[in-house]
Amino acid sequence: MKRKICIVVGSRANYSSIKAVMRAVAEHPALELQVIAAASALLDRYGAVVDIMEQDGFHIDARLLMLVEGETPATMAKSTGLGLIELPTIFEKLQPDVVLTVGDRFETMATTLAAAYMNIPLAHTMGGEVSGNIDENIRHAITKFATIHFPASEDARNRIIKLGEQPHTVHNVGCPRMDLVADFLKDESITSGQVLSEGVGSSFDAHGDFLLVSQHPVTGEYGSGEQQVTATLGACLELGMQTLVLWPNADAGSEDVSRGIRKFREQHPDAPFRYVKNLPPEIYMPLMAHTRCLIGNSSSAIREGAFIGTPAVNIGSRQTARERGDNVIDAGYTQAEIVAAIQDRLAKGRLPSNPIYGDGNAGPRIADILATAEFNINKVITY
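Overview of the structure. (Residues numbered from 1 in each chain as written. Predicted model: local features only at pLDDT ≥ 70, side-chain atom pairs only at ≥ 80, totals over all residues. Heavy atoms only, no water.)

This brings us to the sheet that holds strand β12 (residues 312-315). The 7 strands lie next to each other as β7-β10-β9-β8-β11-β12-β13, forming an open sheet whose pairing is mixed. Lying at the two open borders of the sheet, with one neighbouring strand each, are β7 (199-201) and β13 (328-331). The average undirected angle you get between the axes of adjacent strands in this sheet is 20 degrees. Strands in contact with helix α9 (residues 225-239) are β8 (210-214), β9 (242-246), β10 (273-276), β11 (293-296) and β12; relative to β8, the strand with the most contacts, it is inclined by about 180 degrees. (Pairing = 2+ DSSP bridges. Helix = DSSP H or I, 4+ residues; strand = E, 2+ residues; numbered from the N terminus. Axes fitted to C-alpha atoms, helices over the stretch in contact; angles between N-to-C directions. Contact = heavy atoms within 4.5 Å.)

Right, let's get into the sheet that holds strand β6 (residues 148-150). Read from one edge of the open sheet, 6 strands run β3-β2-β1-β4-β5-β6, paired in parallel fashion. Bordering the open sheet on either side are β3 (62-64) and β6, each of which pairs with just one other strand. With direction set aside, neighbouring strand axes in the sheet form an average angle of 25 degrees. Relative to β6, strand β5 (residues 122-125) runs parallel, the two being bridged by 3 bridges. If you follow Ala123 over to β6, its bridge partner there is Ile148. Helix α4 (residues 106-117) contacts β1 (3-9), β4 (98-102) and β5 of the sheet and is inclined by roughly 160 degrees relative to β4.

Once that is clear, we can look at the packing of aromatic side chains. Going through the model one piece at a time under the given rule, you end up with 4 aromatic pairs. Taking the centre distance of 5.0 Å and the plane angle of 70 degrees together, the rings of Phe204 and Phe210 count as edge-to-face. An identical accessibility class is assigned to Phe204 and Phe210; each is buried. Three or more aromatic residues joined by ring pairs make a cluster, and in this case those are Phe264, Phe273 and Tyr275. (Phe/Tyr/Trp six-rings, centres within 6.5 Å; stacked < 30°, edge-to-face > 60°. Buried < 20%, exposed > 50% of the residue type's maximum accessible area, 1.4 Å probe, protein only.)

Let's shift gears to the pattern of salt bridges. Tallied over the entire structure, the rule returns 23 salt bridges. In this structure, Arg177 engages Glu304 in a salt bridge whose closest nitrogen and oxygen atoms are separated by 2.8 Å. On the criterion of sequence distance, the pair formed by Arg177 in helix α7 (residues 176-184) and Glu304 in helix α12 (residues 303-308) is long-range, its members being 127 residues apart. Overall, the relative accessible area of 6% leaves Arg177 in the buried class. The class for Glu304 is buried, based on a relative accessible area of 2%. Through salt bridges with shared partners, a single network forms among Glu226, Asp256, Arg259 and Lys263. (Salt bridge = Lys/Arg side-chain N within 4 Å of Asp/Glu carboxyl O.)

The values reported here are purely geometric and, on their own, carry no functional implication.
This is how it looks when you write it as structure tokens:
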């Protein structure tokens, strides 16, 4: 009988972070993939990632509407609670052998607590990293609940062991997102039409020089998102290059960032800016490979950016202390600081690949380990 591996996907970031593992589990002869689509992954205003998952050939076993409207710290906590209420019912129906959870988001916390209380072994990807905000606290908490760990770097593996986890349960497999990067970089082609069909604003030439902006709310700086993203967009406008702007994720403060983007678009209708709700990885990765600079606070600048060699400006505190390569330079929140940092990256150009977070084979490694490990409810693993 195949071992059932249940993966909860709660956002576009979740999906890009775990797609390679989903593919490897689905293809493994000893494993059966179960997929739960939850939270912002179900909502059109965040790109309806569930539709992309189905287009990619994945069967959705359950759908969980758990996102409370408002994008405030209170609604973030309530969404976590709603997920915790509903997930046990889904787990009882699906009867997974292992639940695999991704990273550090609020829906990840709900998944973790539900599996832990139901005595379902928990696998955790991308634990052990530091980033200086609430995501780090959630990430380390999940580590203490997890049965088996799949960190993305050796530094992260060592930190998990220092947190008290048994070394034989901690596997540095690399980041599954690098699997997608490796695939897409075999063919870096991108057409302007793919971007134009997804967004609004000015025309966009993917083969010309352009900036790429991906900026999310910082939960510990709730209420500052509008001011922060306005400074970022002002810096890009000052440089006069065509700019592709992505919408923020669903964390507390998302509406502040979205409001800042909408106001900027209204106030500068002639700016050479294209605004896009969501881009699937097969479009986003080639854009990262072609952009003159990636700007904002997305972890993709640090993770995929290092692998690709993408020049990147990391703004503010969201990624504080996260391990990074030479492709990234940090900047504060003022327009002048951001302009200076972008100019520095433009002068440097694309850097050599630095595979800090893996070599592009994480998915098959994780699937093989999940197929051979023997679990029990006391977090004891044998192989």
